[in-house]
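Descriptive structure summary
Each chain, written out:
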Amino acid sequence: MRSTKPTTILIIVLLVVVATLPLFGKYVTYLSHLIGIAIILALGINIFWGLCGQIQFGAAGFYAVGAYACALLQAKLGWHVAYALPAAVLASLLIGLVTAPALLRLKIHTLALGTMAFALVVYYWLETTASVTGGEEGLRVLAAYVSGYRLGPVFYYYLITLFVILGFIVAERFKRCKIGRAWMAIREDEGCAAVMGINVGRYKLLAFLICCGYLGLGGALFAQQSGWITPMSFGIFYNVTIIFPVIVGGLGSNWGCILGGVVMTLLPQVLSGMQQYQVLVYGFLLAGLMFAPKGLASLLEEGTRKLWRTFSVVAHTGDKTEDRQHCGEN
Amino acid sequence: MAEIVETIVIGISIGCLYGLIGLCFTVIYNATDVINFAQGEFLMLGAVWSWLLATVLGISLWIAALIIVGLSLIAAVVFERIVITPLMNMNAGFIRIAICTMGISMIISGATGVLTKFDWLRADPFFGITVWGVGGVSIQPQYVMVVVETLIFLGIYYFFSKSTIYGIALRATGFNKTTVRLLGVAPAAMVFLAFGIAAVMSGLGGMAMAPVTNPNAMMGLPLVIKGFVAAIVGGLGNPYAAVVGGIFVGVLASLVTAYLSSAYAEIAVFAVLIGFLAIRPSGLFGEAK
């Protein structure tokens, strides 16, 4: 009982905070949008990279496909957002399906380069075909109405939160079922997994498509909440920073994605006063975390466990504190 | 006609630059199995130092080149000792080391950016503003310098890796560290040698390119991606293949830029790359590993 108590309290506090966040003003709501979207993207990348062990450097490409599909379907075909949003996810899936035969054949270095090349093709295509995508100027995303009532930031906040929770549950389910175990087997050793009877190609494709779906959803939500999208949001630098939440949180951990999404969205806001140091700080973070490969989530977990242990030792067995701590150090 | 030739010459020259980075990738990859995403930053550093030494301080070309070689070596030692060797001792996998070098790349470009205020630095050409004319085709000596430099480096490295005992030891280290150690080679020294060679080549390459494209702190990442493309198109692990791949990419990009636009050039390069990867992932001259 004692071990479940703090987590229950934590979850209740978290739910209350999440439910009431829009009350704290427009800026907090806007930041929460970005955090939510970052978490959705991170969960998707984590499935392909963290669980299945395949590098994904082209995430910005699928993200852009989702965003532009959602915006274009509304602007050019006059679709309602309720149809455009799922259609954008489908578009991202479709592009994923088309590129998969070429990309999934690749391994390690070539996969890294191939996925990155895909994202750059998408980025430069968005920039050059001004007649469709608005070019560098960008594209306006029309405000959506439901029976004359404008869908505002608060609505999108709850929508994004809903998708984050759903996405998290789906990702956790996947991780704990047969498919997730197959992915992890592929991550550890592809040949071994194949010998065990796992259809490596099919499971990789599944992970890739699920990843594309998450990225498309994130893109569509981003387009909806921001109201204006430009290719700049999906450029070469963003291609690297989009994977930050996963790396920071720790590859393979869904909780890590949430933590990474929060940290990596808030960090630029904290650094906004010293824009010129941003690249430097990101670099230190990225390089430093490679020396602690399980990411921030595991560091935090380890830290709290240690703290909790010391705390409970002090509270319950006053005179034995010294012994226990001594053992812990060894 | 003259226009096409000029375009192709510029393409070859820029391609050689990509090829040079690809060559650096190859040198390091052959010795350590590491892909160094920070390689572009060594080139950027070379260009910025060249700007600082030659344009701002007015030091003569050859002395500046010597200083850049020294600084590149120091940078390589620091990079290899602080980052690469500890990670390799931790048995970090390919992805972890690659991402770490990416982080280092951001640190270097971020720090340089803070010092130079992210400005485009204007470097003076080494040969004045002379232009060579050959039968109606005008060529800037600066472009020729990049090509000659790359070919010299390629020749030296090719000879070094095939015909000298150190070069053979260097390549052997990439195959099997344990065996190499049994044969009396110190793998740590070979790893340093590889990073040192790559850093010097990049530093001097950056120096040659400084007047062609004005140096900027953030130019490393796009360059390193192009260099990576060159290495993969040519075939990773093969020194001349990287240069051929680089020239292929450079000429393609420069032709598309001349006749369509620079954005289409990027699309063409990466689309060709994806096609290439789909048909022949091991590259033009590579063997499937």
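Residues numbered from 1 in each chain as written. Chains lettered and ligands numbered in written order. Predicted model: local features only at pLDDT ≥ 70, side-chain atom pairs only at ≥ 80, totals over all residues.

**Some words on the overall build of chain A**
Let me state the cut-off plainly: Numbering of helices and strands runs from the N terminus, with a helix taken as a DSSP run of H or I at least four residues long and a strand as a DSSP run of E at least two residues long. The size measure is the radius of gyration over C-alpha atoms, and the globule rule it meets is 2.2 Å times the number of residues to the 0.38 power. Here a residue counts as buried when 20 or more other C-beta atoms sit within 10 Å of its C-beta, as exposed when there are 12 or fewer, and as partly exposed otherwise, the C-beta atoms being derived from the backbone. By definition, residues are in contact whenever their C-beta atoms, placed on the basis of the backbone, come within 7 Å of each other.
Across its full length, chain A holds 16 helices and four strands. Compactness check: chain A gives a C-alpha radius of gyration of 21 Å against a globular reference of 20 Å for 330 residues, within 12% of the reference. For chain A, the spread of C-alpha atoms along the principal axes amounts to about 75 × 55 × 40 Å. The proportion of buried residues among the 330 residues of chain A is 45%. Across chain A, the fraction of contacts at a sequence separation of at least 24, relative to all contacts at a separation of at least 6, is 76%.

**Remarks on the overall build of chain B**
Helix and strand counts for chain B stand at eleven helices and two strands. Sequence-ordered secondary structure for chain B, helices as α and strands as β, is α-α-α-α-β-β-α-α-α-α-α-α-α. By the compact-globule yardstick of 19 Å for 289 residues, chain B fits well, its C-alpha radius of gyration being 19 Å. Overall, the C-alpha framework of chain B stretches about 60 × 50 × 35 Å when taken along its three principal axes. For chain B, buried positions account for 53% of its 289 residues. Relative to all contacts within chain B whose residues are 6 or more apart in sequence, the contacts with residues 24 or more apart total 78%.

**Overview of the interface of chain B and chain A**
What counts is decided by this rule: The classification used treats Ala, Val, Leu, Ile, Met, Phe, Trp, Tyr, Cys and Pro as nonpolar, Asp, Glu, Lys and Arg as charged, and all other residues, Gly among them, as polar.
With 38 residues of chain B at the interface, the matching set in chain A holds 32 residues. Looking at the side of chain B that touches chain A, the elements with two or more residues in it are α4 (94–116), α9 (220–234) and α11 (262–279) of chain B. Sorting elements by how many residues they give to the side of chain B that touches chain A places α4(B) first, with 15 residues. Split by residue class, the side of chain B that touches chain A holds 31 nonpolar, five polar and two charged.

**Focus on the packing of helix α1 (residues 2–32) of chain B against helix α8 (residues 187–209) of chain B**
Residues and elements named next belong to chain B. The condition is simple: The angle between two axes is taken between their N-to-C directions and runs from 0 to 180 degrees, where each axis is a line fitted to C-alpha atoms and a helix contributes only its stretch in contact. When describing relative orientation, an angle under 35 degrees is termed roughly parallel and one over 145 degrees roughly antiparallel, while 65 to 115 degrees is termed roughly perpendicular and anything else oblique.
Relative to each other, α1 and α8 sit at 175 degrees, their axes nearing to 8 Å. One element, α1, and the other, α8, form an angle in the roughly antiparallel class. For the pair α1 and α8, the contacting residues are L17, L20, I21, L23, C24, V27, I28, A31 and T32 in the first and M190, V191, A194, F195, I197, A198, M201, S202, G205 and M209 in the second. For the contact of α1 with α8, the per-class residue count stands at 16 nonpolar, three polar and no charged.

**A word on helix α4 (residues 81–103) of chain A**
This is how the line gets drawn: Helix span is expected to be 1.5 Å times the residue number reduced by one. Bend, in this description, refers to the angle at a residue between axes fitted to the seven residues ending there and the seven starting there.
Across its 23 residues, α4(A) extends 31 Å between first and last C-alpha, which sits within 8% of the 33 Å expected from 1.5 Å per residue. Along α4(A), the sharpest change in direction is near 30 degrees and occurs at A:L97; proline A:P101 comes one to four residues later.

**Overview of the packing of helix α2 (residues 26–51) of chain A against helix α7 (residues 153–176) of chain A**
Residue and element names in this part refer to chain A. Stated precisely, the cut-off is as follows: Should the near helix be turned counterclockwise from the far one by less than a right angle, the crossing is left-handed, whereas a clockwise turn marks it as right-handed.
The contact between α2 and α7 brings their axes to 9 Å, and the two run at 20 degrees. Judged on the interaxial angle alone, α7 and α2 are roughly parallel. Once α2 is placed against α7, the crossing between them reads as left-handed.

**What to know about the confidence of the model for chain A**
Residues and elements named next belong to chain A. Stated precisely, the cut-off is as follows: Each residue carries a pLDDT score, the predictor's confidence in it, ranging from 0 to 100.
Averaged over every residue, the pLDDT of chain A is 85; the share at 70 or more is 93%. Put simply, helix α16 (residues 321–329) is where chain A has its lowest mean pLDDT, 42, and helix α10 (residues 200–226) is where it has its highest, 94. Note that residues 318–330 has pLDDT below 50 and, in this model, six contacts with residues that lie over four places away or in other chains.

**Some details on the nonpolar core**
Filter applied, for reference: Any set of buried Ala, Val, Leu, Ile, Met, Phe, Trp, Tyr and Cys residues joined through C-beta atoms within 7 Å is what this text calls a nonpolar core.
Residues A:L41 and B:A194 are the most contacted members of the largest nonpolar core, which totals 206 residues. Among the elements that make up this core, the one with the highest residue count is α1(B) (16 residues). Setting aside its immediate chain neighbours within four residues, A:L41 contacts A:A59, A:Y63, A:Y214, A:L215, A:G218 and A:I242.

**Here we look at the environment of B:G220**
Residues and elements named next belong to chain B. One can find G220 in helix α9. Residue classification places G220 among the buried residues on the basis of 28 C-beta atoms within 10 Å. Once the C-alpha coordinates of G220 and I247 are considered, the two residues, 27 residues apart in sequence, prove to be 19 Å apart. Those residues within four positions of G220 in sequence are excluded, and the remaining contacts are G40, E41, L43, M44, S105 and S109.

**Focus: helix α3 (residues 59–77) of chain A**
Residue and element names in this part refer to chain A. The terminal C-alpha atoms of α3 lie 26 Å apart, and with 19 residues this matches the ideal 27 Å at 1.5 Å per residue to within 8%. With 16 of 19 residues buried, α3 lies mostly within the body of the structure. Immediately downstream of α3, the backbone of G78 shows phi near 70 degrees, a positive value.

**A few points about the environment of A:V13**
All names here are of chain A. Within the secondary structure, V13 sits in helix α1 (residues 5–20). For V13, a count of 10 C-beta atoms within 10 Å gives the class exposed. Counting along the chain gives 181 residues from V13 to A194, while the straight-line C-alpha distance between them is 45 Å.

**Looking at unusual backbone geometry**
Note: most residues except glycine have negative phi, and most peptide bonds are trans. Residues and elements named next belong to chain B. The backbone of D33 shows a phi angle near 65 degrees, a positive value even though the residue is not glycine. Within the element layout of this structure, D33 appears in the loop between α1 and α2 (39–56). The phi dihedral of N91 is positive, around 60 degrees, even though this residue is not glycine. Within the secondary structure, N91 sits in the loop between α3 (61–89) and α4. On the basis of neighbour count, N91 is assigned to the exposed category, with 7 C-beta atoms found within 10 Å.

**A short note on the environment of B:Y166**
Along the polypeptide, B:Y166 turns up in helix α6 (residues 165–175). Counting along the chain gives 27 residues from B:Y166 to B:L193, while the straight-line C-alpha distance between them is 9.2 Å.

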